[in-house]
Amino acid sequence: MSAMKDLLVEIAKALVDNPDDVKVMEIEGEQTTVLELRVNNEDLGKVIGRQGRTARAIRTLLSAAGMKVSKRFVLEILE
Amino acid sequence: MNGAERFLGGSLDECLNQACLALGARTEELQYEVIEDSPAVVTIEAALDPVAVLGLFLREAFNAGDLDIRARIEEAEEHLGGELYGEDFRLLTAGLGKGLDSLQYLCNRIMNGRLRSHAPVHLDGDGFKMRRAGRLQEDAEAAAERAIQRRGPVTMGPFTPAARREIHLALADHPSVETASDGEGFLKQVVVRPFRLR
């Protein structure tokens, strides 16, 4: 399990009301890794935020932290 | 203690367990005061400690992400300050601090969800935000000069909300240009344009 996946799990769990329902799947490519985030339906708004601001902040933070391993991380929030 | 509630039990541990359940917290996130400690019953007043909640989240997030960053949290009068340091802090300040602003935004969302009220979270490290403000002011003034010369709009960014604020403030009293944010969401561009001729 990669550090970026663990980081995303920590952030998502801290944002939602139902942390036990947070699941992240990691689909690793050569240069890009897709992180698929699933949360309880009630918590979707919490990880997306107004105008998608929270999701954007998570993406920006993952890009910044991903520079350490010189990889691109793409966040997909699954409904 | 802000918004403290009372808990009764046969021992201090029992009281703390009850407080954790009721407040959705871990013991290390609580601040409490023992109100009564008799052989029969212990009473405490407990509440979430914002410094502990923020500190624990940051520590666990940095650990999870395998990032060498540590945080010193201090409660100031009007904000909760997080001073970040460590080898990997530079990852957060790259690209005009996009990572730092994003983390700060997320910390505020998280604190809003957990505490009824809290002071806004400000994250910084080694005076980064002050230096960034200086640089953004210089960039804003250069953009204003270009807008005046070409008599048309100059677009800067995209920037985080904190960086946009620096630019709007830097040019707020400028005699010949005005600024506006353009776009949607967390990152937006800033347009600097000369006042329309009347």
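Since the model is a prediction, treat every value here as computed from it, not as a measurement.

Draft legend 1. Local environment of the pattern of salt bridges. Taken as a whole, this structure holds 11 salt bridges over all chains when the rule is applied. Between K46 of chain A and D17 of chain A there is a salt bridge whose closest N-O contact spans 2.8 Å. On the criterion of sequence distance, the pair formed by K46 of chain A in helix α2 (residues 44–48) and D17 of chain A in the loop between α1 (3–15) and β1 (23–28) is long-range, its members being 29 residues apart. Using a relative accessible area of 51% as the deciding quantity, one classes D17 of chain A as exposed. Here R114 of chain B makes a salt bridge to E29 of chain B, at a shortest N to O gap of 2.9 Å. Of the two residues, R114 of chain B is situated in helix α3 (residues 89–114) and E29 of chain B in the loop between α1 (12–23) and β2 (30–37); the sequence distance between them amounts to 85 residues. A residue is classified by how much of its surface remains accessible, and R114 of chain B, at 26% relative accessible area, is partly exposed. Note on E29 of chain B: relative accessible area 4%, which makes it buried. Residues joined by salt bridges that share partners form a network here, namely K68 of chain A together with D88 and R90 of chain B.

Draft legend 2. Region of the structure containing the sheet that holds β1 of chain A. Residues and elements named next belong to chain A. Read across the sheet, three strands follow the order β1-β2-β3 without closing on themselves; strand pairing throughout is mixed. The open sheet has two edge strands, β1 and β3 (72–78), and neither has a second partner. Taken over all neighbouring pairs, the strand axes of this sheet differ in orientation by 20° on average, direction set aside. Relative to strand β2 (residues 32–38), α1 is tilted by about 25°, and along the sheet it contacts β1, β2 and β3. Packing against the sheet, helix α3 (residues 53–66) makes contact with β2 and β3, and its axis sits at approximately 155° to β3.

Draft legend 3. Quick peek at the domain arrangement of chain B. All names here are of chain B. Taken domain by domain, chain B holds domain 1 (5–48), domain 2 (51–126) and domain 3 (131–197). The gap between the C-alpha centroids of domain 1 and domain 2 is 28 Å. Taken together, the contact between domain 1 and domain 2 spans seven residues of the former and seven residues of the latter. Contact between domain 1 and domain 2 buries roughly 620 Å² in total, counting both sides, with carbon and sulfur atoms accounting for 48%.

Draft legend 4. Local environment of the sheet that holds strand β6 (residues 121–124) of chain B. Residues and elements named next belong to chain B. In space, the three strands of this open sheet follow the order β4-β5-β6, with mixed pairing throughout. On the outer flanks of this sheet lie β4 (70–75) and β6, each paired with one strand and no other. The mean inter-strand angle of the sheet, taken between neighbouring strand axes irrespective of direction, is 20°. Sheet topology note: the β4/strand β5 (residues 80–85) ladder contains six bridges and is antiparallel. Residue pairing in the sheet places A71 in a bridge with L84 of β5. Each of β4, β5 and β6 is contacted by helix α2 (residues 50–64), which is oriented at about 170° to β4, the strand it contacts most.

Rules used in this analysis
Residues numbered from 1 in each chain as written. Chains lettered and ligands numbered in written order. Predicted model: local features only at pLDDT ≥ 70, side-chain atom pairs only at ≥ 80, totals over all residues. Heavy atoms only, no water. Salt bridge = Lys/Arg side-chain N within 4 Å of Asp/Glu carboxyl O. Helix = DSSP H or I, 4+ residues; strand = E, 2+ residues; numbered from the N terminus. Buried < 20%, exposed > 50% of the residue type's maximum accessible area, 1.4 Å probe, protein only. Pairing = 2+ DSSP bridges. Axes fitted to C-alpha atoms, helices over the stretch in contact; angles between N-to-C directions. Contact = heavy atoms within 4.5 Å. Domains from an automatic or database assignment. Buried area = accessible area lost by both parts, 1.4 Å probe.

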